[in-house]
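# Survey of secondary and tertiary structure
Residues per chain are reported as follows:
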Amino acid sequence: SQENDRVPSIDADRHPFYRFCRESLDGIREQGRYRRFTPLARQADRYPVYDHVTTPAAEPPVGREVVVWSANDYLGMGVEPAVAEAAIAAIREHGAGAGGTRNIAGTSPLHAALEAELADLHGKEAGLLFVSGYVSNQASLQTILTSMPGWICFSDRQNHASMIAGIKGARGATCVIYEHNDLADLEAKLAAAPKDAPKLVAFESVYSMDGDVSDIGATCALARKYGAITYLDEVHAVGLYGSQGGGVAERDGVADQVDIIEGTLAKGFGVHGGYVTGSAELIDYLRCAASGFIFTTALPPSVVAAALTSVRMVRREGWRREKMFERVATFRAKLTAAGIPFMSTPSHIVPIPVGDADRCNEISRRLLADFGLYATPINYPTVPRGTERLRLTPGPHHTDEMMDEMVSALGTLLRINARHEEAAA
Ligand code: PMP
């Protein structure tokens, strides 16, 4: 396991870095930010029921069943039999690994087909796969922003760590952070920048922690006015929004105004991998220049086959999206009826505010221990201190009974918690 709550075994005097690690971890624990992973084994046929593996090393896993409320496999496509079968068939036919980087024997016809499918989904000329959504952001932004001298990147304050990594890694480029979803601030900053510098605006559609959604059309119009290109992360939207699951840009009819649309195959599509789509030459340039694309082994054919099957199903089968939004609405109605506060969002994400790291961890722990419900605590630095929360993602597989259990458990724990707060005050 990656975790170690006991006395560390290595002598901290051996090297200053060992001492640094120990002291840093002590600080992280004191702040309630120590990350504990809960071993959960998915049950393909009973999603979102998982096995809570109480003994990590046990083989086969032992434990009890829990209902998971925090997964990012929003539509449950990762356990969809046709998707899993596509992976199994591809392993039988092509083996387990890709065999090399994309350039060195690692490009299969499946990779090419998936890239074409994704380009088509977003109405773009070309698509390019990466080993994850994180790498697609980091590698693409870093490559673009180091391509010519003098780039200025306008980055939404709440952009994901992977975008920030790419922007920060672009030596020579200037990063200007604009306030979250604040177009007046973006415009002021665009207007203040040198006219002839190459500019890029990087933002997301659905922000995953607050569940709020950007105005893509207005952002692109501003960018165009000041001669900037646009880079949009639709990681939490692809598969879920738009008539074909092309994301919020598709839903809003503005996909053609975005220069680069980035997405993941791991959330709405339930499998694994990341990608960017855009104009043929821009994508071709990334293919030839992006280190994070070139110097890593290609996604395994099984993963690509599963993702291709999933994307095709999700595009065609709008009922999956409709069902998800119906379930989200039902869950919100149940929370409202029970008087449980939640952050109201225009997306499928339902954050339950807690406001303190220790309380958040404690509620999450008790949900699991006392009720068999799994909801991850979201703490600093993922969200600002004082805004700690549980982040719930109801999906097509959450039944009314599961919802009632969650609502009742939250009612119990939040009331207990409120009483603790009063006692402490
Ligand atoms: N962008 C955003 C906004 C994300 O939330 C994430 C993952 N949580 C990523 C990119 C990275 O995607 P992946 O998990 O496919 O690496």
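Residues numbered from 1 in each chain as written. Predicted model: local features only at pLDDT ≥ 70, side-chain atom pairs only at ≥ 80, totals over all residues. Heavy atoms only, no water.

## Thoughts on the overall build of the protein chain
Condition: Helical segments are the DSSP runs of H or I of at least four residues, strand segments are the runs of E of at least two, and each set is numbered from the N terminus. The atom set for the radius of gyration is the C-alpha atoms, and the globule formula is 2.2 Å times the number of residues raised to the power 0.38. Partly exposed describes any residue whose relative accessible area lies between the buried limit of under 20% and the exposed limit of over 50%, with all areas from a 1.4 Å probe on protein chains only and scaled to the type maximum. Per-residue accessibility takes into account occlusion by the displayed protein chains alone, with areas from the Shrake-Rupley method and a 1.4 Å probe. Charged residues are defined narrowly, with Lys and Arg counted positive, Asp and Glu counted negative, and His plus the chain ends left uncounted. The atoms used to mark charge sites are NZ of Lys, CZ of Arg, CG of Asp and CD of Glu.
Of regular secondary structure, the protein chain possesses 15 helices and 14 strands. In terms of overall size, the protein chain behaves like a compact globule, its C-alpha atoms giving a radius of gyration of 22 Å where 425 residues would be expected to give roughly 22 Å. Residues counted as buried form 50% of the 425 residues belonging to the protein chain. As displayed, the protein chain offers around 19400 Å² of accessible surface, 54% of which is attributable to carbon and sulfur atoms. Computing the positive centroid from 42 side-chain charges and the negative centroid from 52, the protein chain places the two 2 Å apart.

## Some words on helix 7 (residues 183-192)
For the α-helix, the turn length of 3.6 residues means that residues three or four positions removed from each other point alike. Which entries qualify depends on this criterion: The arc in question is traced by the directions running from the helix axis to the C-beta atoms. Two residues qualify as a contact provided that any one of their heavy atoms is within 4.5 Å of a heavy atom in the partner residue. Polar contact is the term for a pair of N or O atoms within 3.5 Å; when the atoms are in protein, one must be able to donate a hydrogen and the other to accept it, and sequence-neighboring residues count only if both atoms are side-chain atoms.
Listed in full, the buried residues belonging to helix 7 are D185, L186 and L190. Taken end-on, helix 7 shows its buried residues confined to a sector of 135°, consistent with a single buried face. Seen from the buried face of helix 7, the exposed residues on the opposite side, beyond 90 degrees, are A184 and A192. Elements in contact with the buried residues of helix 7: strand 5 (152-156), strand 6 (174-178), strand 7 (199-204), helix 8 (216-225) and strand 8 (228-233). A side-chain oxygen of the first residue of helix 7 lies 3.2 Å from the backbone nitrogen of A184; this N-cap is D182.

## Topic: the site of the ligand
Operational definition: Near is defined per residue: the residue qualifies when any heavy atom it owns lies within 4 Å of the molecule or strand. Ten residues, namely Ala, Val, Leu, Ile, Met, Phe, Trp, Tyr, Cys and Pro, are considered nonpolar, four, namely Asp, Glu, Lys and Arg, are considered charged, and the remaining ones, Gly among them, are considered polar.
Close contacts around the ligand come from S132, G133, Y134, N137, H160, S162, E204, D233, V235, H236, T264 and K267, and that covers them all. Side-chain polar atom of D233 to a nitrogen atom of the ligand: 2.7 Å apart, as the coordinates give it. T264 is positioned with one of its side-chain polar atoms (N or O) 2.6 Å from an oxygen atom of the ligand. Here the ligand loses 83% of its free accessible area of 390 Å² to cover by the protein chains. In terms of residue count, helix 5 (residues 133-145) provides more of the shell around the ligand than any other element does, 3 residues in total. Along the lines of polarity and charge, the residues of the shell around the ligand split into 2 nonpolar, 7 polar and 3 charged.

## A word on the pattern of salt bridges
Let me state the cut-off plainly: Throughout this description, the term salt bridge denotes a Lys or Arg side-chain nitrogen within 4 Å of a carboxyl oxygen of Asp or Glu.
Per the counting criterion, the structure on display carries 23 salt bridges. Ionic pairing is found between R389 and D210, a salt bridge with its closest N-O pair at 2.5 Å. Here R389 is found in strand 14 (residues 389-392), whereas its partner D210 is found in the loop between strand 7 and helix 8, with 179 residues between them in sequence. Two residues, D284 and R287, come together in a salt bridge whose shortest N-O distance is 2.9 Å. Separated by 3 residues within a single helix, D284 and R287 lie in helix 10 (residues 280-289), roughly one turn from each other. Here the residues in one salt-bridge network are E80, R316, E317 and R320, joined through shared partners.

## Remarks on the UniProt feature "domain: Aminotransferase class I/classII large" (unreviewed entry) in the protein chain
Put simply, the test is: UniProt positions are given in the numbering used here, feature names are shortened, and annotations may be inferred rather than shown by experiment.
Mapped onto the present numbering, the UniProt feature "domain: Aminotransferase class I/classII large" (unreviewed entry) falls at residues 65-410. Annotated as residues 65-410, this span is 45% helix and 15% strand, and its ends, taken at the C-alpha atoms, are 19 Å apart.

## With respect to the pairing of strand 10 (residues 274-278)
Selection rule: Any two strands between which DSSP finds at least two bridges are classified as paired.
The buried fraction of strand 10 is high, at 5 of 5 residues. Residue alternation in strand 10 divides its side chains into two sets, G274, V276 and G278 and Y275 and T277, and both sets are buried. Pairing geometry for strand 4 (residues 126-130) and strand 10, over 5 bridges, is antiparallel. The residue bridging A126 from the neighbouring strand is G278, located in strand 10. In the sheet, strand 9 (residues 260-264) pairs with strand 10 via 4 bridges, with the strands oriented antiparallel.

## Observations regarding the packing of aromatic side chains
Stated formally: Only the six-membered ring of Trp is used, alongside the rings of Phe and Tyr, when aromatic pairs are assigned; centres must lie within 6.5 Å, and planes under 30 degrees apart are stacked while those over 60 apart are edge-to-face, with the rest tilted.
For the structure on display, the rule yields 5 aromatic pairs. Ring centres 6.2 Å apart and planes at 40° place the aromatic pair Y47 and Y50 in the tilted group. Given the relative accessible area of 12%, Y47 is considered buried. For Y50, a relative accessible area of 7% puts it in the buried group. Arranged with centres 5.2 Å apart and planes meeting at 70°, the rings of Y241 and F325 form a pair that is edge-to-face. Residue Y241 is located in the loop between strand 8 and helix 9 (248-251), and its partner F325 is located in helix 13 (residues 318-338); the two are separated by 84 residues in the primary sequence. Take F325: its relative accessible area is 28%, and that puts it in the partly exposed class.

## Notes on the nonpolar core
As a reminder, the rule being used: Nine residue types can take part in a nonpolar core, namely buried Ala, Val, Leu, Ile, Met, Phe, Trp, Tyr and Cys, and a core is a set of them joined through side-chain atoms within 4.5 Å.
L367, L390, L392 and L410 are the most contacted members of the largest nonpolar core, which totals 80 residues. Ranked by residue count, the leading element in this core is helix 12 (residues 301-316), at 9 residues. By size, the runner-up hydrophobic cluster in this structure holds 24 residues, among which are V135, A173, Y231 and V276.

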